[in-house]
Each structure stands twice: as structure tokens, then as C-alpha cells.
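Letter by letter, the chains look like this.
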Number of protein chains: 4
Amino acid sequence: MATMKAVVFRGPGEVAIEERPRPTPGPGEAVVRITTTSICTTDVRIVRGEYRVPRGLVLGHEPVGIIDELGAGLHDDFTVGQRVVVPAITPCGQCYYCLNGSPAQCGGTTGGWRFGHTIDGAWAEYLLVPHAAVNLTPIPDGLSDDEVLLVPHILSAGLAGIEAAGVRIGDAVAVFAQGPTGLCATLGASLRGAGLIVAVDGLPERLLLARRFGATTTVNFHEQDPLVVIRGLTGGRGVDVAVEALGEQRSFETALGAVRAGGTLSSLGVYAGQLVAPYGTLGSGIGDKRILTTLCPGGRERMRRLLALVASRRLDLTPLVTHHFALDDIRDALELFGSRRDGVMKVALHPAVRSHDRLLGESRAAALVDDGA
Amino acid sequence: MATMKAVVFRGPGEVAIEERPRPTPGPGEAVVRITTTSICTTDVRIVRGEYRVPRGLVLGHEPVGIIDELGAGLHDDFTVGQRVVVPAITPCGQCYYCLNGSPAQCGGTTGGWRFGHTIDGAWAEYLLVPHAAVNLTPIPDGLSDDEVLLVPHILSAGLAGIEAAGVRIGDAVAVFAQGPTGLCATLGASLRGAGLIVAVDGLPERLLLARRFGATTTVNFHEQDPLVVIRGLTGGRGVDVAVEALGEQRSFETALGAVRAGGTLSSLGVYAGQLVAPYGTLGSGIGDKRILTTLCPGGRERMRRLLALVASRRLDLTPLVTHHFALDDIRDALELFGSRRDGVMKVALHPAVRSHDRLLGESRAAALVDDGA
Amino acid sequence: MATMKAVVFRGPGEVAIEERPRPTPGPGEAVVRITTTSICTTDVRIVRGEYRVPRGLVLGHEPVGIIDELGAGLHDDFTVGQRVVVPAITPCGQCYYCLNGSPAQCGGTTGGWRFGHTIDGAWAEYLLVPHAAVNLTPIPDGLSDDEVLLVPHILSAGLAGIEAAGVRIGDAVAVFAQGPTGLCATLGASLRGAGLIVAVDGLPERLLLARRFGATTTVNFHEQDPLVVIRGLTGGRGVDVAVEALGEQRSFETALGAVRAGGTLSSLGVYAGQLVAPYGTLGSGIGDKRILTTLCPGGRERMRRLLALVASRRLDLTPLVTHHFALDDIRDALELFGSRRDGVMKVALHPAVRSHDRLLGESRAAALVDDGA
Amino acid sequence: MATMKAVVFRGPGEVAIEERPRPTPGPGEAVVRITTTSICTTDVRIVRGEYRVPRGLVLGHEPVGIIDELGAGLHDDFTVGQRVVVPAITPCGQCYYCLNGSPAQCGGTTGGWRFGHTIDGAWAEYLLVPHAAVNLTPIPDGLSDDEVLLVPHILSAGLAGIEAAGVRIGDAVAVFAQGPTGLCATLGASLRGAGLIVAVDGLPERLLLARRFGATTTVNFHEQDPLVVIRGLTGGRGVDVAVEALGEQRSFETALGAVRAGGTLSSLGVYAGQLVAPYGTLGSGIGDKRILTTLCPGGRERMRRLLALVASRRLDLTPLVTHHFALDDIRDALELFGSRRDGVMKVALHPAVRSHDRLLGESRAAALVDDGA
């Protein structure tokens, strides 16, 4: 039986590289050979044991690769050898949730998030893709793996925080936390025509990126009180839309307080524990405020739309792909990503590349990767 | 100087009937002679000191009456002697909030709620109406005061909880608490074509009314766990929309837990303190749930629309007007309403009627009121 | 090989009852034994040659029946012997159109309408259902065939005209033509809380039904000019929403003229030729008017929602099922339905019933049908 | 009595510069001294007699200027001497239409368009502004007249065509005609995150501007069939949204044909005569297509939002201000603008500048204008 290399969650604090059987596609399924994948903050939480997944699971939900094998019913639409992205969220298109406007909740609460959550994920040489007709998405010619690596999850999630809130032309928007998802929300505010875009973070290099992604004002919360800045810029009212992109109580509470009466808090964080909305931030419950929580939209049409933006050069996310690692070096990669050292934003993981220790990690040498571009 | 009788808030636990100068309208203002007004749960909280308003204020925000005097600029559209309702919420139509889609927040957080909150209210013989062009609403012929008494606030608020949530045809809806506002939310679910309408309360008589207002299932929470019932009716998923119409943490939390992934909690309560959304109820922040808070929509076009429904006999809210009092008997009325005794739902207060003690209170004798109908 | 009886389109003016092979389901497909089906105005147009379909096709798109056989992949969700409705429009849930918010256009323009249009339809003893996971819909216990016969098409289409237009509480709505679809639009206006509902037709018995379905005003266009009535009821402005449910230029033009500036014309008709929108009706192109065209929404969740309304007794469509025929008597049924004689609204066709000539047609004898209820 | 210079419509083909009384503001009104105004295609049609306005009217609806005098009730919010734009469309905020979501139709069909349509307009030294509280909009510091000249009408209208259609991230959009409004629609498609933006026109220089404003593909209809190009780029389906920015039957019909099933035609043109929607373009009336007509949104909050975009340097509309004229040279300006010669896009008219014949027209010498910047 053919085997493959995969990064497996063995329990809190423990991941291991294992030999696993290479998957075989059933009807409607496909197998993708992973050329590039990545690490998400949620993966770090899973590894730490803060967010629960079953032991023995292959982690990772950001797949870029090549179609290796197609199950029955897919040959009319796809070809072995095609370069594809697969969304982090893989709806089926046919269940109660998919047919009632909540495809990311496919099958039940957070159910569309399967890879590295309820089924084996992308930190492996091969990935079994369920509901492949709805999820395999060909990559337009001329785009490298690095250019599309954030499409399956980060870009889709960040933009969704802005889209869910219904940002209108000329709106005032504040985005709390400028990690990769927050930066994509900042980008989204720009992409939807916000008039004022306030980016909040504590790391100067992230605020610089925020400017590049469209922020009209940046606030380092070590130096300034974001609420004071925001009120100063909005006649004391607050923003039309605040995006919370961290997933912590303090940030949630500040963001809710930054929203004007009648405005929207759009929450993208994955929360542990409970959220508290104090009286003052909520206008006594009659301030016409809205709190929205959004899981990343998936499916191939979502992916196609985002890839069209990348292909038209209206987005360039490569500045966020700061480090490259062999998949074998996952522990180093996790350590670097979790520490937020060295200006790390996103790390690219390559199953087909042999371990080069830290050299690869520091090089951004996309050329090493045979399958990209 | 002409004077009038008015019920004034003197401090926690203390209201008094005072002689006050009768108001005179400035440009764009009108004076309405009150024929009927009412008590809201929020008034009870104000009197108890749980929700703050300035001492010396005339309370009450549910005005039905007759135009007594018109300021400059209103004579083309209105006539002295016209019967009108005035909305509880009186937007100006011209400020930042009104022009940005949040008229109930006119001028600032909760700012559209003026009567008995920031300016003198309707518990008086005469009411000064600001922004009268936007707010005076003629009553269609043939409708009595009792038939329209809930239009200025309760009906508008209750329906708004359903409208804000975007209830769709065939949706499953649960309404928590069947006081007047909750009953109007139940009515709203019916009026918007929900397929399943679960009404939750602890008082059997309120659940009976809920049936009459469109509930397809009623749950007495002393007898059954609403979450168990709701999950049983929705394949274990929860409702598309839950309305919280009480304003308490426990009810909020249950309602949020009753919402399916991708569904909406629509909150109508006035909260003191803080709201807590536990992890489990919120799908870890990625369940695509939405929490909406809504203040009652006001303005004359909102009123006109609701009056059209009453006039076409599609709504009959008179079963909710259970007791009548002279305004002089405000203390008795407050005591009865606050106690929820005797099947009280809403009490009508009549400034022009002399005190008849409890007799009037028990009679529902609308005939006593000369101006109604 | 097992055969079945089916009504086949042989060319303009010509339908025939033929013996056809009984279908066998492939993977994801099901076969339904038809207990009741019906005739739609579009079927009449097809038979007349006014709307083109391929010769040799089995017609009919309103299926009520019993699951007879299930293809691979459906046994977890469905059981042979279950009573089901199948929507007139059968989206796949997985194509470009389904994933971009236009499931009725599944696969291409009008592509979701398959039965009796691009594949064999419901005027037969057995129906092959494609994309069965998305479309088979169990009938709630206690509902007869007559009670659900309009769900697959007419009810879904009529309501959709109101839903697409975004009718709001208290809106003024006019529905032009009170055939079955128009009556369901009238019902929809009521179900969504319109304040004024003007039903227009030329047949007094249809206007009587319109009253029963929620119209607040009826206009017989032989006696009154609908525009004069509508302007009189709306302060000269016109309605917020007009529904055109006939599919003819004259009706379209009147309906567009009846819409206020900023309002919506929602078109449900199937048009031949071209539509002309004169200058005056369109506010010179800058009246902020919208013209929407809507094909009936399908899919099992849509059906489930509509069946929930029927099951809760909030809708009763049986008054529209005025005549019953054996499927063998299709020519009589078509002649009656096409002529609009005898107060005919919808005819029920029963493949399992033997021809009783006109007796059955006049009896409404649902009891004859063994499978219903 | 103080007088002023004004350009008056005397009848088809005839405009004259007249001395008129300088306006005096009543309560709620303001007088603005015009520093820069412009000519719109609709003005050309009015002068030609194709679109009717009363004889004797001062034309022009694109005002940039300085507050000269304030009527009662405005001194708290505005100051004499403030630089302002005034929207082409001036809603009151308080009438039926303003309170029912159609402020551009203020008071009745196309009623929000007052300047140069139903009341004296901006081609004059002074402009009387009605409903000034809702419409006067201060210009942010540092912006010149040229930078904001398109805000009152062209930018607002062009973007509105995209906003009304609900363009989503990654949508395919086509804009037919790249005059100033069409170019602003192209810009709007970019500003809202469209993935494919096809700009269609017959003038190469306009297509070059379209590229600069965000078009990803340009089509010169003298060289290529737009429908062939669009189908080629969209898998044969057509665009999600087509914008018609010309106001002619041929363009309308092509645009409707370019829309995919389930898509939207957003019409910005001012039409004379009638519009014809042929069968084929409309999917027989059941293709789920929508036709929207939109008048330019006005009011000060709309203006504020657009000015915020200009101030943040996300938009630069100065390339469209190709020529400058003294208001005295209105005939030359009209002739040039109407002829589409010399690469003219928009001409700036300056009441305070003396006639310099064609020199000024060719210079783009903003420096001549004392009040700008």
C-alpha cells in the first residue's frame, strides 16, 4: 500500500511526522498532492490543546497542490495534473445548512471546517478532498503557489468580516489586530470602498503592512488609546464597522466600544470561554448595534472569485508569506510562527522539499519549490 | 400662563402629579392633547431607578391624542383637531444618524427616544412634539384609541425584532418572553410568514395570548425546557431566529443557545449590567451567528404603515389593553402593571378622566373616554 | 422491460398518451410514483406551440407521489414508500449558478426547470428525479395530495414574486391577474405583512378568491381603471410593489405604471416576444424603479418551508384545486383548464385513476385517490 | 436690489446670460457663491429641448462654492465662508419618499433633482439651496475645486449604479459607455472589489481612462462585439452586473443581453421614449434577471462619504476635468462638451472668471480660480 508523510496531532503539545496510508478517492472525492500549505493561528491553538480536535488527526487546512487522482463523477470538470487550491471550508452544497444560506456550517455547527478539524488535513503529501465538485478550484495560469497560498483561508476569512458587516462606500472601519486575517480585513475595507480605515495593533511592522493594505490611519495600542483616536476621527461617534480579528475578550470589548450607535461589530476570532458585552458598549441593548460572527466562506465559487482578484493583480498577498519550511521542519515552523518573531506573518510549508533547517526558513526561496508557478 | 397636569419623576421610587406650564410649540413643533397613553416596562424600571433619567422629567412615551396647536411650517400638512399617534421614537430626518440609516439613534446613542427619557413625555394633559413634520401621524377613520395605543411603541418594537432578523418565509422562530413586546414579536413572526413559531413564557395566560397571536407551539418554562422542545422541533438544530424580549442575562443566554448555526438572535430587551455569551452558545465565535439589538423604529411613515395594518383588521391589539385608569391614579396603575397581577398586559391612562379608583381599572370601559373613537 | 403510461408532446396542438419504459434511477437519482399532478398555464402554452420544448417529451412539472426506487447514495436520507413532493425546479446545489445564488438557473438560463421542459416530466405514472438529495421532500403527516399539490410550483412562484421584491411591513402591493400564481402572490403579500393589497382581474370569482387570500381591495378591470383606484388609495403615488402574474405586455405596462417612484415591479409571467417599458412608466429611467423577473424557487429546503406553512394550517390552497381528472383524460383536462370555464383554477390529474369522463372532473372526489392523505 | 449673472434656458437651442436678482435665504435655506460648476450630458439634452424644463430656469446642478448667507436654523452647523459642495439631488429628509427609502425621489418622481430642473440651478454667481441642513457639505481641507467638482453628481451617480446592483467581491461587471458617469461606474466596480471589469466604448481615449479607473478589459465596439468578448471571458454565461451609462435603446439592449441568468442590469441613463427588452435578452421573463434604474443619491452624508474617499487619495477625478471656461463662455463650453471634441470629459465653469475665450478652455489653469484650493 502506498504511504505518505503527514503531520499528526498526538495530544496537547505534541505533533509528529508519521507514515500514513496514501488516501484513495471514493465517488465525488479527489486526492490532491500538496505542493504548499501553511500554519494558521488556530493550528497553534490546536497544538497547544486550547481548541480540541481528535488525537491522531493530520492537521492543516490551507491546501495548494495538484490533482493526483479523481473519484467517479469528476472527470468532466477536472483533470489529473491540474493545479488547484482547495478551500479551508468544504461545503457539500446539498445539506440543510448549504441549502439554507449557511454553507460554512455544512452538516452542523462549524461543520464546513473539516480539514485538520474533523478529517485529515493538508499537512501531508496527499489530501483527500470530500465534495470535490464543489471545492476543487483550478488556479489561473501564471500564479505561483505563494500568490495563492492565503486564498483557501486567510483572505476568504478576512474579507468575509467586511462583507458580512455590509461595509458601504465611505464607511468608517476599524480593524483590531493586524495578523494575517486582520490585514486581509483591512484590505477588504479598502476593497469595498471604506472612507476611513483604522488599523490597530501593537507591532510596528504589522502597522506598516496595514498601511500597504489600505489603512488610512494606524494605531499602536502601546502608544495611543484606539478609542480616543477613533472618536477623534469620527466626531465622537465611533466607526460604522469594527472588525475583531484576534479572538480575545479585551479586543472584543474595545472593538464593541468603538462602534457607533447603529453600527456593527464583525467578529472573526475563534473564542475560547465566554464573551462579555458590558452595558456601556452595547447602548443598554437598544443602541441598534449588531454583533456578527463569521466562519471563513469556502466552496469553489468563493475561491474562483478570490483568485480572479489575485489574477487581475488587484491583490498581492506575497508580502505576508515571510518564511518557507520543509514540512519535515514543522516543529521549527510552529515555534517561529507561534512566537511572532522575525517579522513572521505566514510560513509556507512544502512537503516535497527536504529539510534545509533554518536556511530555507529565512530565504523566501520560492524557486526551490518545483511545482509552484 | 396656562397649566396642565403631569406625572413627574422625582427620584427612585417617587412619582408625583404636578401642575406644569402647558407647552407652546416653536417652529416645526406641535402640541398634542393626550387622550390615552400607557405604561411600559421601561417606565417601571425608570421609576425604580434601574434606568436613569433626569429628575423632574415628565415620563411616558406612548402618546395618542389630538393636535392642539401647530408651530410654524406645519399647517400645510396637519390640522388642529386631527387625531394622531406620535411615535415613542421621534427622529429628525436630518442628522448624521437619520441620514446614515439609524434614525432611532437620532443625534446619538438611543437619542431618538426622547419622550420621558430626555424631554418631557406623554403622562400629561399636553405633549410638546419635536420634529413634528416627521412624527405626527393621523389616525385612520374608525379606529379607537384602544386599537392604536400600542402602535407608538410596543407594536413597532415587537415587529422590529422580527424585521431586523430578516425572518424568511418558513423560518423557525422562537420568542422568549410573552409580555406585550414579546407578543408583538410573535405576531410579527406570523405576519412575516414564519413556519414554526415557538412562544416561551412562564404565565399560562400569556401563552394563550401567544397562540392567538400566531404561535404554533407554546412552552411554559416552568414545565418544559425550551431548548429541549426547540431542538425536538428542528431536528436538533435550533431555530433560524430567536427573539429575546425580556432583557435579562438568563433569557439572553437561553435564546442564544436556541439559535442554529448560521442563525440570528434578535434582542429587544433593555439591559442593565453586562451580557455574557458563553462559548457553547456562540459556536466558538465561528458559528456564523448574529446578535442584533434593536430600538423601536419611529417616525410617521413607520406609524402610517402600522396603522394601515390595524385599519385593514389584520391586527387586533385590543386584547392587550386589559385595564384603564385615570392618569390621576398613576400610582395604582404602576403598582398593578409592575406586579403582573390580574392578567394585566397593558394599562390605558386617560388624562381627561377623573379618578374612579379601581373601578375604572377593572372595567375596560373605553366608552368613558370621550375622545376615543 | 417495465413500462408506464405517459402524456407526450408530439408537436403543436398534439399530446398523446404513450407507453414508455419505466425509468430506473442512476446514482443520486430517484423514481417517484406519481399520485397527483397538475396543469400549469405554461403547459398550455407548450401544447399550443407558443413556448418550445422538444417533441417526444413527457410534460408536467408539478409532482406529488411516493418514492418508488432510490439510486445509490440516497438511502440514508430517504425511504421507498415515503410520500414526497418534488419541486418544479430541481437545482443540483453544486454548479456555478447554484453556488452563485441563482439555483433556479441551475446549469444555465432557466436550467433549473427540467421536468416537462428539458427532461421527461410528471404527467406519467413514474418520474425520474435528478439531484434527488437536493429535491425529494417528504410530506408532513396528515396532509393530503390536494393540500400540497400547489407547493411544487404555484405557491413557490407566487410567494417568490413578493419575496424577490422585498415587500416590507405595511407596504402597498398590487397584484395583476388572479390566476393561481397571482392568487399565491396575493397570499404572499398578506403573509409578509403588506398593509394595502390590491388584487386586479377581470373574473369576479377570482376576485372573490383574492379577498379570501388576503386582498384588501379588489379591482375588476372591466369596471374600473386599476391605475385610478391605486392612485386614489396611495395619495396619487402608486404602490411600493406591483406583481405582474400574467405575462403579457399590456399587463406589464399597467403594472409598471402603478409602481411609485422608488418602487418595484416584480414579474412572474413567462413572456413571448419583447417587453416595452414606455418613458412615462419608467420615470425617464431615473425614477429609481426596479423590474425583477423571477423563476419559481425549487429545492427541498424551499419545499420544506412551504410545507411547514401548510402543515401549520396558515395556508389552505385546496380551494384552488377545483377539478379532478384521470391522467387518461388529459385532453379534457387541458380543454377545461385552457378555457377558464366552470370556475376552474387548478385541475388535479391522477395517473392511477381510471377514466371517469367528466364526472370525476366535476366531483372533487379526493377520496377516490388511494394514496392521497 | 443685488443682482447676479446667471445662465437661463429660454427655449430649445437657446440659453442666455441674464442679470437676475441675487437670492435671499428663507428659514432652512442657504445661499452659496458658486466658484466652480460644470455641464452634464443631461444639461445638453435640456438645452436641445430633448428633456423638458420650464423656460426661464437657471440651469446647472453641479455646485461647488462658498457659503454666502445662511437662513434661520443653520448657524449652529454651518458658517458663512465655509467651502462646500452641494449635491445635485437635494432631499428634504422629512417627506414620504425620504422616509420610505427613496430620498432621490423626494416629493415625487425625480423630485430630488431640483437644481436646473424644477428650481434655479448652479450656472450662476449665487445658488439658493433648499433643505440646506440636509445638503450643505463642507469640503475637507486641502481639496481643490477640481478635485471635488464631480462629487455632487457624476461620482455619486456612477458609484450608485454599482451599489444598487449589489456588486460582490469577485463579480464580473461590464460598463457600457465610458463618459464621465460610466467611468465612475467603472471606478465603482473597482472600488467594490469586482474581479472582472469590462469597459465598453467607441473612443480610444475613454478606454484608456477606463483602464486607469480600474477596467481589467476594454472593448472598442467599433472593433469588437462586446457580447462576444464578454461571453469569452465568462465561460459563455455573461456578467453578474452590467451598467448602462448612456441612456439609449441599443446600449440598453446589448447590456441586458450581456447579463448572465440571475444577474442585474443597472441603468444610469436618462431615457427619452420607451425601452424595449427583447425576449432573448430577458430569459423569457424567467431568467431571474433584474433591471434597476437609479437616480444619483444626494444629501450631505452621501457627499461626506464621497469626499472622504477623495480626501484619502483613494480617488482622483481630476483627469476628467479636461477644460475650464468662464461662465460667460457657456455657449463655447456647451458646444465643446456636446461635440465630444478635443478629448473633453468634463468642463469646469467659473462664474468669477472673466472670459478668456478658448485659451482658458484649453489651459486647465486651475490657478486662475481664486477660490479653489
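Residues numbered from 1 in each chain as written. Chains lettered and ligands numbered in written order. Predicted model: local features only at pLDDT ≥ 70, side-chain atom pairs only at ≥ 80, totals over all residues.

Counting its regular elements, chain A contains 12 helices and 16 strands. At 20 Å, chain A has a C-alpha radius of gyration in line with the 21 Å of a compact globule built from 373 residues. In terms of overall dimensions, chain A has C-alpha extents of about 65 × 45 × 40 Å along its principal axes. Taken over 373 residues, chain A has a buried fraction of 64%. Nonlocal contacts in chain A, meaning residues at least 24 apart in sequence, comprise 71% of its contacts between residues at least 6 apart. (Helix = DSSP H or I, 4+ residues; strand = E, 2+ residues; numbered from the N terminus. Rg over C-alpha atoms; globule rule 2.2 N^0.38 Å. Buried ≥ 20, exposed ≤ 12 C-beta atoms within 10 Å, placed from the backbone. Contact = placed C-beta atoms within 7 Å.)

Looking now at the interface of chain B and chain C. Contacts between the two partners involve 15 residues from chain B, matched on the other side by 15 residues from chain C. Considering every element that reaches the side of chain B that touches chain C, the biggest residue donor is helix H10 (residues 300-311) of chain B, with 4 residues. Per-class residue counts for the side of chain B that touches chain C are 7 nonpolar, 5 polar and 3 charged. (Nonpolar A, V, L, I, M, F, W, Y, C, P; charged D, E, K, R; others polar.)

All names here are of chain A. For chain A, the assigned domains are domain 1 (3-150 + 317-368) and domain 2 (165-293). Centre-to-centre, using C-alpha coordinates, domain 1 lies 29 Å away from domain 2. Facing the 11 residues of domain 1 at the interface are 8 residues of domain 2. At 3 residues, helix H1 (residues 41-48) tops the list of elements feeding residues into the side of domain 1 that touches domain 2. Counted by class, the side of domain 1 that touches domain 2 contains 5 nonpolar, 3 polar and 3 charged residues. (Domains from an automatic or database assignment.)

Attention now goes to the packing of helix H5 (residues 151-164) of chain B against helix H6 (residues 180-191) of chain B. Residue and element names in this part refer to chain B. Packing of H5 against H6 leaves a shortest axis separation of 7 Å and a crossing angle of 50°. It follows from the interaxial angle that H5 and H6 lie oblique. Classified by chirality, the crossing of H6 by H5 is right-handed. Together, Ile154, Leu155, Ala157, Gly158, Leu159, Gly161 and Ile162 of H5 and Pro180, Thr181, Gly182, Leu183, Cys184, Ala185, Leu187, Gly188 and Ala189 of H6 make up the contact between the two elements. When the residues that make up the contact of H5 with H6 are grouped by side-chain class, the tally is 11 nonpolar, 5 polar and no charged. (Axes fitted to C-alpha atoms, helices over the stretch in contact; angles between N-to-C directions. Parallel < 35°, antiparallel > 145°, perpendicular 65-115°, else oblique. Left-handed = near helix turned anticlockwise from the far one by under 90°.)

So, on to the confidence of the model for chain A. Residue and element names in this part refer to chain A. The predicted model of chain A has a mean per-residue pLDDT of 93, with 95% of residues at 70 or higher. Residue range residues 358-373 is modelled with pLDDT below 50. Its contacts to residues more than four positions away, or to other chains, number 36 contacts. ipTM for the predicted complex: 0.94, alongside a pTM of 0.95. (pLDDT = per-residue confidence, 0-100.)

Of all hydrophobic cores here, the largest spans 516 residues; its most connected members are Val173(A), Val173(B), Val173(C) and Val173(D). With near-sequence residues (within four places) excluded, Val173(C) lies in contact with Val167(C), Ala189(C), Ala194(C), Leu196(C), Ile197(C), Val239(C), Asp240(C) and Val241(C). (Core = buried A, V, L, I, M, F, W, Y, C linked by C-beta atoms within 7 Å.)

Right, let's get into the sheet that holds strand E10 (residues 217-220) of chain A. Read from one edge of the open sheet, 12 strands run E10(A)-E9(A)-E8(A)-E11(A)-E12(A)-E14(A)-E14(B)-E12(B)-E11(B)-E8(B)-E9(B)-E10(B), paired in mixed fashion. Edge strands, defined here as strands with exactly one partner in the open sheet, are E10 of chain A together with strand E10 (217-220) of chain B. Each neighbouring strand pair of the sheet contributes to a mean axis angle of 15°, computed without reference to strand direction. Note: strand E12 (residues 259-267) of chain A against strand E14 (residues 290-293) of chain A, 4 bridges, orientation parallel. (Pairing = 2+ DSSP bridges.)

Here we come to the sheet that holds strand E12 (residues 259-267) of chain C. Pairing is mixed in the open sheet, where 12 strands are placed in the order E10(C)-E9(C)-E8(C)-E11(C)-E12(C)-E14(C)-E14(D)-E12(D)-E11(D)-E8(D)-E9(D)-E10(D). Both outer strands of the open sheet, strand E10 (217-220) of chain C together with strand E10 (217-220) of chain D, are each paired with one neighbouring strand and no more. For this sheet, the mean inter-axis angle between neighbouring strands, taken without regard to orientation, is 15°. As judged from the 4 bridges shared by strand E9 (residues 196-201) of chain C and E10(C), these two strands associate in the parallel manner. Each residue of the ladder has a partner; that of Asp201(C), found in E10(C), is Asn220(C). Docked against the sheet, helix H6 (residues 180-191) of chain C engages strand E8 (172-176), E9 and strand E11 (239-244) of chain C, running at close to 170° with respect to E8(C).

Attention shifts here to helix H10 (residues 300-311) of chain A. Residues and elements named next belong to chain A. Taking 1.5 Å as the rise per residue, H10 with 12 residues should run 16 Å; its terminal C-alpha atoms sit 16 Å apart, in good agreement. Among the 12 residues in H10, 10 count as buried, and that is most of the element. At the exit of H10 stands Arg313, carrying a positive phi of roughly 60°. (Expected span 1.5 Å × (residues − 1).)

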